[in-house]
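Working through the structure, step by step
In case you want the letters, here they are:
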Amino acid sequence: MRFLVLFLCTLLLAGFNLEAQNANTQGYEIKFQVLGIDDSYLYLQAYYGEEAYIFDSAKVKGHKAVVFKNKKKVIPTGIYTLTDRFGNEYLDLVINKDRYFAVMGLTLDRLSTTAVVSGSEENSQFIEFQKQMASAEALQEKSPHSIDNTAKMFYESMPESFLGHYVKAKYYINPALSKLDEKDTADASQQYQQLIDHYFDYYTFDDARLLRAPIYLDLRNYFFEVLPQDAKLISGKADDFLKKFKDKESYEYYTARLMSIFEHSINNMAHDQVFVELYDKHCAGKNISSIPEDLLKYYQRSVDLKRKLLPGETVPALVSYDINNNKHSSSDIDKDHIILWFWDADCDECIVETPKLNEFYKEFANYYNLEVFAVAITDDLEKWDNFCKNNELKWINVNYYMNDPNYDFIEYFDLITTPVIYLLDKNHTIITRNFPLEEIHEKLTTE
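Just so we're clear, the structure is a prediction, and the values are computed from it rather than from any experiment. (Residues numbered from 1 in each chain as written. Predicted model: local features only at pLDDT ≥ 70, side-chain atom pairs only at ≥ 80, totals over all residues. Heavy atoms only, no water.)

So, the overall build of the protein chain
Looking only at helices and strands, the protein chain has 15 helices and 15 strands in total. A compact globule built from 447 residues would reach a C-alpha radius of gyration of about 22 Å, whereas the protein chain, at 30 Å, exceeds it by more than 25%. Its C-alpha atoms give the protein chain principal-axis dimensions of roughly 95 × 50 × 40 Å. Put simply, the protein chain has 447 residues, and 51% of those count as buried. Considering only intrachain contacts with a sequence separation of at least 6, the fraction spanning at least 24 residues in the protein chain is 65%. In the form shown here, the protein chain has an accessible surface area of approximately 22400 Å², with 48% of it arising from carbon and sulfur atoms. Charged side chains in the protein chain number 47 positive and 70 negative. The centres of these two groups are separated by 9 Å. (Helix = DSSP H or I, 4+ residues; strand = E, 2+ residues; numbered from the N terminus. Rg over C-alpha atoms; globule rule 2.2 N^0.38 Å. Buried < 20%, exposed > 50% of the residue type's maximum accessible area, 1.4 Å probe, protein only. Contact = heavy atoms within 4.5 Å. Areas by Shrake-Rupley, 256 points an atom, 1.4 Å probe, with all protein chains shown as cover. Lys, Arg positive; Asp, Glu negative; His and termini not counted. Charge placed at Lys NZ, Arg CZ, Asp CG, Glu CD.)

Quick look at the packing of helix α9 (residues 248-263) against helix α11 (residues 293-307)
Packing of α9 against α11 brings their axes to within 12 Å, and their N-to-C directions diverge by 45 degrees. The pairing of α9 with α11 is recorded here as oblique in orientation. For the pair α9 and α11, the sense of crossing is left-handed. Contacts between α9 and α11 involve Met 259, Ser 260 and Glu 263 on the former and, on the latter, Tyr 298, Tyr 299, Ser 302 and Lys 306. Classifying every residue of the contact of α9 with α11 by side-chain character gives three nonpolar, two polar and two charged. (Axes fitted to C-alpha atoms, helices over the stretch in contact; angles between N-to-C directions. Parallel < 35°, antiparallel > 145°, perpendicular 65-115°, else oblique. Left-handed = near helix turned anticlockwise from the far one by under 90°. Nonpolar A, V, L, I, M, F, W, Y, C, P; charged D, E, K, R; others polar.)

With respect to the pattern of salt bridges
Enumeration over the complete set of coordinates arrives at 20 salt bridges. A salt bridge links Asp 272 to Arg 433; the shortest N-O distance between them is 2.2 Å. In this pair, Asp 272 is assigned in helix α10 (residues 269-282) and Arg 433 in strand β15 (residues 430-433), connecting sequence segments 161 residues apart. Neither Asp 272 nor Arg 433 differs from the other in exposure class; each is buried. In this structure, the salt-bridge partner of Lys 383 is Asp 346, at a minimum N-O distance of 2.4 Å. (Salt bridge = Lys/Arg side-chain N within 4 Å of Asp/Glu carboxyl O.)

A word on the confidence of the model for the protein chain
Of the residues in the protein chain, 92% have a pLDDT of 70 or more, and the chain-wide mean is 90. Residue range residues 1-20 is modelled with pLDDT below 50. Its contacts to residues more than four positions away, or to other chains, number 36 contacts. (pLDDT = per-residue confidence, 0-100.)

Regarding the pairing of strand β5 (residues 78-83)
Each regular strand carries side chains that alternate between the two faces of the sheet. The element β5 is largely enclosed, with a buried count of six among its six residues. The pairing of strand β2 (residues 41-48) with β5 spans three bridges and is antiparallel. If you follow Tyr 43 over to β5, its bridge partner there is Thr 83. Sheet topology places β5 next to strand β6 (residues 89-95); six bridges connect them, and they run antiparallel. (Pairing = 2+ DSSP bridges.)

Some details on the side chain of Thr 378
Tracing the backbone through its elements, the reader meets Thr 378 in the loop between β12 (370-376) and α13 (381-390). At 3.1 Å, the side chain of Thr 378 forms a polar contact with the backbone nitrogen of Asp 380. Residues in contact with Thr 378, not counting those within four places in the same chain, are Asp 344, Asp 346, Trp 384, Asn 399 and Tyr 401. (Polar contact = N/O pair within 3.5 Å; in protein donor to acceptor, adjacent residues only side chain to side chain.)

Describing the packing of helix α8 (residues 231-243) against α10
Viewed as axis vectors pointing N to C, α8 and α10 meet at an angle of 40 degrees, and their least axial separation amounts to 9 Å. In this structure, the crossing between α8 and α10 has a hand that is right-handed. Mapping the contact onto sequence places Ala 231, Ile 234, Ser 235, Ala 238, Asp 239 and Leu 242 in α8 and Ala 270, His 271, Gln 273, Val 274, Glu 277, Leu 278, Lys 281 and His 282 in α10. For the contact of α8 with α10, a count of residues per class yields seven nonpolar, four polar and three charged.

Here we look at the nonpolar core
Within the largest apolar cluster, 59 residues are counted, with the highest numbers of intra-cluster contacts made by Tyr 203, Phe 223, Phe 241, Tyr 254, Leu 258 and Phe 262. At the level of elements, α2 (121-139), α3 (146-157), α4 (162-170), α7 (219-226), α8, α9, α10 and α11 are the ones that each hand at least two residues to this core. Filtering out sequence-adjacent residues up to four positions away, Phe 241 remains in contact with Phe 200, Phe 205, Leu 217, Leu 219, Phe 223, Tyr 254 and Leu 258. Core analysis: the second largest hydrophobic core is formed by 28 residues, Tyr 321, Ile 339, Leu 437 and Leu 444 among them. (Core = buried A, V, L, I, M, F, W, Y, C linked by side-chain atoms within 4.5 Å.)

Looking at the packing of aromatic side chains
Enumeration according to the criterion identifies 43 aromatic pairs in this entry. An angle of 75 degrees between the planes, with centres 5.7 Å apart, marks the rings of Phe 55 and Tyr 80 as edge-to-face. Taken together, the positions of Phe 55 in strand β3 (residues 51-61) and Tyr 80 in strand β5 put the pair 25 residues apart, joining distant regions of the chain. Its relative accessible area of 10% is what places Phe 55 among the buried residues. Ring centres of Phe 241 and Phe 245 lie 5.3 Å apart, and the angle between their planes is 85 degrees; on these two criteria the pair is classed as edge-to-face. An identical accessibility class is assigned to Phe 241 and Phe 245; each is buried. If you follow Lys 306 out to its NZ or CZ, it ends over the ring of Phe 275, 5.9 Å from the centre. Directly above the aromatic system of Tyr 412 lies the positively charged group of Lys 308, at a separation of 4.7 Å from the ring centroid. (Phe/Tyr/Trp six-rings, centres within 6.5 Å; stacked < 30°, edge-to-face > 60°. Lys NZ or Arg CZ within 6 Å of the ring centre and 35° of its normal.)

What follows is the structure, encoded as structure tokens:
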């Protein structure tokens, strides 16, 4: 199937020298001639990474003509969408070689099924593709692969073009993974490794124009769900991902995206370690255009905070007071293992998890030569004390609000939520943190 059609260009705006105008990359003029447009204005929606914005607006003339025009403004290469004030999307356009062209259709509604183009072969091809996709969508229930097959055929007809790259990325055309799916007897571990190694093969990293197209790279799913949650592995894959971008703008944009998703991952030590390493390798001492200066400073402060809570870092002694106003210091604990437990008697999860930890403590504290230093983060001292007594918590119980601790535990340990658990060795060095209590035996035996 070919996606090229012949159009009667003489039907459109006779006398308009589109070929000569397209030779000039500065400025643009995109004309639409459509019957029965009810809206007063239409809009050209543009894209940048995962964001959409209005690039231009045009007044409707006589319920049938719309012209987006600017002789001096540069319209960047990318994919644009014709929309109305309600956000309805009617037609996608490609701005690449041609900046001066015209589109004619019978109605604005489902314009892509009736549109013809003058002055842009790329848009002729692209609109024909949209017509084919509309037909494929109608057949999807009877033919489940019709959309995938239509997209794949269009991509294969022009694999090295901007439109080919866009369709490949938009519809997740991934040759490596599709071949793998056909191997019904393939080993599951092999399939998983293939998924890791070829997850982003649908994206053409050396085509910077794709940054201005409605394409979603699901970074969170890949780095948080697909990859094993090992900090060294994730950090290496993040480096590999960023190194694939050949242009500075795309590299900086996706550096900012990765920094954002890892910074917003709460109480995950592996993600904190990746965040710190991303900052050190890709942000420190650099001017990243896609990260505002104030945000970069915030990242630096966040890195400084997270760095001291990574594996191998030594925790300074915590000094606080129990319900009887007796002072306790974690530095006095002389055990092979130390658990720091930050909790709140008003926290639903803490109320469930604290007794679980206590059961483990009563049964295995001697076996693992372990002590728990439990810091309550609540000013309801009576409720805290009653909970400790009712649940027979015999470990070291102190409260952040009893007198003054020797430093701000909440700030130092970045205690956004509770409970939070740290496992330390006999030297008060961090082994790990924020793991499910069901894994406590594993953590103690594999340190």
